[in-house]
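Chain by chain, the residues:
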Amino acid sequence: MLDTVLFDMGGTLEDISYDEATARKVTLRLMEMLRAKGLLLTGTPEAFWEKVDRGVKRYKAWSQSVDLELKPEDIWPDFYLREFDFDRETIVDMSEELASMWEVTYFNRKLRPGVVEMLDALKARGYKLGIISNTAALYSVFHVLEEYGIRQYFEDVTLSSVTGYRKPHEGIFRISLYEMRSLPENSVYVGDTMSRDVIGSKRAGFAVAVQIKSFMTGPSDTKVQQSAYQPDYVITDFTQLVQILDEIRESESNSAG
């Protein structure tokens, strides 16, 4: 019997996107924060961004190759800002502040329509709810959930920055299930990507994988080859999720009867 529904955060519970304007915005904010710490910056914002962007891509390539996540105190001095001659301890000390700023500045974020109604419906039906999210910050997901007014719905929030595992690594899914006191065969995972969410949850033995596509789906899944793991359902809004779970429960009830 299904009793647990776990969600991805960015691209699933919230719409998320980025563009040249957000890159410009995060560049200026980052330069401002570094200058406030007395760190010397030279050159144009464009040249500064090119160096940072190379560092971001290096970290992305490494983390995706091993499905692991480092702490902000390692990411920022060793990857994002590696090409700058900054004092390491200064960067380490402000790394979580930088990571949190990045998450809410580089990305446009907005709660998806129908999320609150969907969460209310699932809670009313007795489901345990949780989140599994890849993030390079320790606290920003919690802050964003509070801002959306939905933190109270979730019994557990499992983050790659805390566990050290990135989706699709099975480890992050198993840690979440342990914290939720749930079994994979009784669990549903809802996410927007094949590469991280569908493949990861299916490898971890989840009974049902649901995909809801987003701005991030294309960039994240461009290199995904044909996989033996496929979503059980693809939805376009969260009303459909509630309907699907109701139908599954009715089918389970009829089979048991």
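Scoring rules and cut-offs
- Residues numbered from 1 in each chain as written.
- Predicted model: local features only at pLDDT ≥ 70, side-chain atom pairs only at ≥ 80, totals over all residues.
- Heavy atoms only, no water.
- Helix = DSSP H or I, 4+ residues; strand = E, 2+ residues; numbered from the N terminus.
- Expected span 1.5 Å × (residues − 1).
- Buried < 20%, exposed > 50% of the residue type's maximum accessible area, 1.4 Å probe, protein only.
- Arc of directions from axis to C-beta.
- Contact = heavy atoms within 4.5 Å.
- Phe/Tyr/Trp six-rings, centres within 6.5 Å; stacked < 30°, edge-to-face > 60°.
- Lys NZ or Arg CZ within 6 Å of the ring centre and 35° of its normal.
- Salt bridge = Lys/Arg side-chain N within 4 Å of Asp/Glu carboxyl O.
- Pairing = 2+ DSSP bridges.
- Axes fitted to C-alpha atoms, helices over the stretch in contact; angles between N-to-C directions.

### Re helix H2 (residues 45–66)
- Taking 1.5 Å as the rise per residue, H2 with 22 residues should run 32 Å; its terminal C-alpha atoms sit 32 Å apart, in good agreement.
- Within H2 the residues assigned to the buried category are Phe-48, Trp-49, Val-52, Asp-53, Gly-55, Val-56, Tyr-59 and Ser-63. The buried residues of H2 all sit within an arc of 165° when viewed along its axis, so they share a single face. Exposed positions of H2 whose direction lies more than 90 degrees from the buried face are Lys-57 and Ser-65.
- At its buried positions, H2 is contacted by helix H1 (20–36), helix H3 (72–80) and helix H5 (95–105).
- Of the residues one or two after H2, Asp-67 is the one with positive phi, at around 55°.

### Overview of the packing of aromatic side chains
- If you walk through the whole model with that rule in mind, you get 21 aromatic pairs.
- A centroid spacing of 6.4 Å and a plane angle of 75° characterise the contact between Phe-7 and Phe-238, whose relative ring orientation is edge-to-face. Remark: Phe-238 occurs in helix H12 (residues 238–256) and Phe-7 occurs in strand E1 (residues 4–7); sequence separation between them is 231 residues. Taken as a pair, Phe-7 and Phe-238 share a single burial class, namely buried.
- Ring pairing ties together the aromatic residues Tyr-18, Trp-49, Tyr-59, Trp-62, Trp-76, Phe-79, Tyr-80, Trp-102, Tyr-106, Phe-107 and Phe-215, which thus form one cluster.
- One cation-aromatic arrangement involves Arg-249 over Tyr-127; the distance from NZ or CZ to the ring centre is 4.1 Å.

### Things to note about the pattern of salt bridges
- Tallied over the full model, the rule gives 16 salt bridges.
- Among the salt bridges present, the one from Arg-24 reaches Glu-46, with a minimum N-O distance of 3.0 Å. Of this pair, Arg-24 sits in helix H1 while Glu-46 sits in helix H2, placing them 22 residues apart in sequence.
- The class for Arg-24 is partly exposed, based on a relative accessible area of 41%.
- One salt bridge connects Arg-125 with Asp-246, and the closest N-O pair in it is separated by 2.8 Å. Of this pair, Arg-125 sits in the loop between helix H6 (115–124) and strand E4 (128–133) while Asp-246 sits in helix H12; the two residues are 121 residues apart in sequence, bridging distant segments of the chain.
- Connected through shared salt-bridge partners, Asp-8, Lys-167 and Asp-197 make up one network.

### Remarks on the sheet that holds E1
- With parallel pairing, six strands are arranged side by side in an open sheet as E5-E4-E1-E6-E7-E8. Every interior strand has two partners, whereas the edge strands, strand E5 (156–159) and strand E8 (233–235), have only one. Each adjacent strand pair in this sheet contributes to an overall mean axis angle of 20°, direction not counted.
- The pairing of E4 with E5 spans four bridges and is parallel. Following the sheet pairing, Ser-133 is matched in E5 by Leu-159.
- Strands in contact with helix H9 (residues 170–180) are E1, E4, E5 and strand E6 (187–191); relative to E4, the strand with the most contacts, it is inclined by about 150°.

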